Amino acid sequence: MSLLTACQDKPAAPAARAAPEVGVYVVAAQDAPLKLELPGRLSASQVAEIRPQVGGLVLKRLFTEGSIVAAGQPLYQLDASSFEAERARTAAALQKAQAQMSAARVKAARDAELLRADAISRQAADDSEAALRQAEADVAVAQAALSAAAVQLQRARIVAPISGRIEVSTVTPGALVTANQTQALTTIQQLDPMHVDIVQSSAELLSLRKQLGDQTASREVQLVLEDGSEHAQPATLQFSGLRVDPGTGSVTLRATVPNPQGTLLPGMLVQARVLAGVDRDVLLVPQQGVSRTPTGAATALVVGEGNKVERRQLTLARDVGNQWLVSSGLKVGDRVIIEGLQRARADMVVTPVVARTDAAGKGADKAAGGAPAAAAPAGTTDATVAR
């Protein structure tokens, strides 16, 4: 009886600890967009500096500063009295030349009849014909002078050469301006559409061409503004520079972007996201599944044979959204731990469950290795690992 009592008093052996559950991402080959994010600066698609083509006093400013003006809209009115007088003078000179031409034509016709009747000498008839030709030339000169005077008079009223937003006027009524002066009266900038000058280093350009191979890059560019927001309308790539700047070693790409709301202004800095191509059949891993060692090496915990955790060193090519493009260290079918990393250690046996994440996609309803996923506890989501 004492022996039986002793056996009953012996404590029971502790139960084996269950393998912790971890969320894994099954690596698969997929296509990854090759996007570049390059600095760019906005500029107006058209710029016109308004300068007078004739001299005179400014009588009126005919626009509102900062408003939108249309091509051909009057901007300034200069004192045109001297130009009107010149036009009147040239008009009178034309009338005089036309009267002299009429008289010369009549005389030349009469002398031609007299020559046929042998009433005058051939020399006299030739002189009359020459006088007529001279009178016709004088009329042509007078007409040209009248046209020039009309152009000068028209230039006294300065109009907008392009449509766009007009800036502050540098002169006021009463100011004296001269033809082709260095100081512009104002500036008009066309802000819809706008140009985006994007800078890319020549080394990046060479690397990109090697990556693309025979692919054709997209002409669409997404602009990210200084506050982090994206411009609603995408830009369209127009051309790539044909030479490398020897000072900066860069090539300039130009894109055109619609700006109907006028939110973009010349001189603004933007980040241009260019879809340069697509990398085919590459391996992508969610960024939360990759960590760094003190030396900066990228590592990931992978569930191997027998659900045993092993640490892999990775070589990362670039980021693709919230994922890393892995060039070495993983293969198709590897199960990378992305949830429950705080409970996993190398050489530990775990229970892998495919985590439903944006990176994992819709095929996250089966456990790694083809077994059905473990049922999640009540009140948890598919991306939550049972604690």
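Residues numbered from 1 in each chain as written. Predicted model: local features only at pLDDT ≥ 70, side-chain atom pairs only at ≥ 80, totals over all residues. Heavy atoms only, no water.

### A short note on the pattern of salt bridges
For the structure on display, the rule yields 13 salt bridges. E37 is the salt-bridge partner of R273, the closest N and O atoms lying 3.2 Å from each other. Of this pair, R273 sits in strand β13 (residues 269-286) while E37 sits in strand β2 (residues 29-50), placing them 236 residues apart in sequence. Under the relative-accessibility criterion, R273 is labelled partly exposed at 32%. Two residues, E86 and R89, come together in a salt bridge whose shortest N-O distance is 2.8 Å. (Salt bridge = Lys/Arg side-chain N within 4 Å of Asp/Glu carboxyl O. Helix = DSSP H or I, 4+ residues; strand = E, 2+ residues; numbered from the N terminus. Buried < 20%, exposed > 50% of the residue type's maximum accessible area, 1.4 Å probe, protein only.)

### A closer look at the sheet that holds strand β8 (residues 176-177)
Sheets are built from strands paired through backbone hydrogen bonds, the pairs being either parallel or antiparallel. Taken in spatial order, the four strands of this open sheet run β6-β5-β3-β8, and their pairing is antiparallel. The open sheet terminates on both sides in strands that have one partner only, identified here as β6 (157-159) and β8. Relative to strand β5 (residues 74-78), strand β3 (residues 56-61) runs antiparallel, the two being bridged by three bridges. In the strand pairing of β5, V58 is matched with L78. (Pairing = 2+ DSSP bridges.)

### As for the packing of aromatic side chains
The final tally for this structure, using the stated rule, is one aromatic pair. Seen from their ring centres, F63 and Y76 are 5.4 Å apart, and the 80 degrees between their planes marks the pair as edge-to-face. Pair noted here: F63 is in the loop between β3 and β4 (68-69) and Y76 is in strand β5, with a separation of 13 residues, a long-range link. Taking the relative accessible area as the measure of exposure, F63 reaches 5% and is therefore buried. Note on Y76: relative accessible area 0%, which makes it buried. For the cation-ring pair, R61 lies above F63, with the distance from its terminal atom to the ring centre recorded as 5.5 Å. The lysine or arginine in question, R292, covers the ring of W324, its NZ or CZ lying 6.0 Å from the ring centre. (Phe/Tyr/Trp six-rings, centres within 6.5 Å; stacked < 30°, edge-to-face > 60°. Lys NZ or Arg CZ within 6 Å of the ring centre and 35° of its normal.)

### Brief notes about the packing of helix α2 (residues 81-116) against helix α3 (residues 122-155)
Where α2 meets α3, the axes come as close as 7 Å, and the angle between the chain directions of the two elements is 165 degrees. Classed by the angle they form, the pair α2 and α3 counts as roughly antiparallel. You can see that α2 and α3 cross each other, and the crossing is left-handed. When the residues that make up the contact of α2 with α3 are grouped by side-chain class, the tally is 21 nonpolar, six polar and 10 charged. (Axes fitted to C-alpha atoms, helices over the stretch in contact; angles between N-to-C directions. Parallel < 35°, antiparallel > 145°, perpendicular 65-115°, else oblique. Left-handed = near helix turned anticlockwise from the far one by under 90°. Nonpolar A, V, L, I, M, F, W, Y, C, P; charged D, E, K, R; others polar.)

### Notes on the pairing of strand β15 (residues 298-303)
For β15, the buried fraction is high: six of the six residues fall into the buried class. Going residue by residue along β15, you find A298, A300 and V302 tucked away on one face and T299, L301 and V303 tucked away on the opposite face as well. Both strand β14 (residues 291-292) and β15 contribute to a ladder of two bridges, which runs antiparallel. Residue pairing across strands places R292 opposite A298, the latter belonging to β15.

### Describing a nonpolar patch on the surface
On the surface, L57, L59 and L176 cluster together into a nonpolar patch covering about 300 Å² of accessible area. Checked against the element boundaries, L57 lands in strand β3. (Patch = residues over 30% accessible without salt bridge, like charges linked within 9 Å, V, L, I, M, F, W, Y side chains within 5 Å. Areas by Shrake-Rupley, 256 points an atom, 1.4 Å probe, with all protein chains shown as cover.)

### Focus on the side chain of S250
Along the chain, the position of S250 falls in strand β12 (residues 250-257). Its relative accessible area of 11% is what places S250 among the buried residues. Not counting residues within four places of it along the chain, the set of residues in contact with S250 comprises V199, Q200, S201, S202, R243, V244 and D245. (Contact = heavy atoms within 4.5 Å.)

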